[in-house]
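# Examining the three-dimensional arrangement
So you can see what is in the structure, the chains are spelled out below.
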Amino acid sequence: MPITIYHNPNCGTSRTVLAAIRAAGHEPTIVEYLKTPLSRDEIEALSERLQIPLRDMVRSKEALFAELGLGAPGVGEEELLDAMAAHPILLNRPIVVTPAGARLCRPAETVNDLLAKI
């Protein structure tokens, strides 16, 4: 079954999730989204696939989040999409997509739910 991980190799959680996928016997498609940024439409589609609000996909602890004022009242999905497309570091990770579903795998153990369905 195809598995895709939106991955940042500098992130410990992302590395742990990738290792768990491989330990379960799968070799995922790895999208290093910092090297190959997602388009605005791809981010929006991923949010829909995850069935979570776009705001839950943003790394609010990233310094750039505060610098851009993305936590201010009235900042909507359009502004978040624009910011995430322009600054891929704002995308929370890792995100794992399988035919059985998709999840933002924070904490890393949440990948186990997806792997159990495959």
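For the structure given in this document, a descriptive report is provided here. Nothing here was measured: the structure is a model prediction, and the numbers come from that model.

What follows concerns the packing of helix α2 (residues 40-50) against helix α4 (residues 77-86). Look at α2 against α4: their axes get within 9 Å of each other, and the N-to-C directions meet at 120°. Relative to α4, α2 is oriented oblique. Read as a crossing pair, α2 and α4 show a hand that is right-handed. On α4, the residues that touch R40, I43 and E44 of α2 are E78, L81, D82, M84 and A85. Residues that form the contact of α2 with α4 fall into these classes: 4 nonpolar, no polar and 4 charged.

What follows is about α2. Within α2, burial applies to I43, L46, S47 and L50. Mapping the buried residues of α2 onto a view down its axis gives an arc of 100°, with all of them on the same face. Relative to its buried face, α2 has exposed residues pointing more than 90 degrees away, namely D41 and E48. Phi for Q51, located one or two positions after α2, is positive at around 60°.

Another aspect to go through is the state of the cysteines. What the rule picks out here adds up to 0 disulfides. Just so you know, C11 is unpaired, no disulfide at all, and the nearest cysteine sulfur is the one on C105, 11 Å from it. Classification of C11 by relative accessible area gives buried; the value is 6%.

A separate point is the environment of R49. As for its position among the elements, R49 is in helix α2. On the basis of relative accessibility, which here comes to 39%, the residue R49 falls in the partly exposed class. The spacing of R49 and R103 is 54 residues in sequence and 8.7 Å in space, taken between C-alpha atoms.

Looking now at the side chain of R59. Along the chain, the position of R59 falls in the loop between α2 and α3 (63-67). In this view, R59 contacts F65, I89, L90, L91, N92, R93 and R106; residues no more than four positions away in its chain are not counted.

Across the sheet, which stays open at both edges, the 4 strands sit in the order β2-β1-β3-β4 with mixed pairing between neighbours. Each edge of the sheet is formed by a strand with only one pairing partner; in this case those strands are β2 (29-32) and β4 (101-104). Each neighbouring strand pair of the sheet contributes to a mean axis angle of 15°, computed without reference to strand direction. Pairing geometry for strand β3 (residues 95-98) and β4, over 4 bridges, is antiparallel.

Thresholds applied
Residues numbered from 1 in each chain as written. Predicted model: local features only at pLDDT ≥ 70, side-chain atom pairs only at ≥ 80, totals over all residues. Heavy atoms only, no water. Axes fitted to C-alpha atoms, helices over the stretch in contact; angles between N-to-C directions. Helix = DSSP H or I, 4+ residues; strand = E, 2+ residues; numbered from the N terminus. Parallel < 35°, antiparallel > 145°, perpendicular 65-115°, else oblique. Left-handed = near helix turned anticlockwise from the far one by under 90°. Contact = heavy atoms within 4.5 Å. Nonpolar A, V, L, I, M, F, W, Y, C, P; charged D, E, K, R; others polar. Buried < 20%, exposed > 50% of the residue type's maximum accessible area, 1.4 Å probe, protein only. Arc of directions from axis to C-beta. Disulfide = S-S within 2.5 Å. Pairing = 2+ DSSP bridges.

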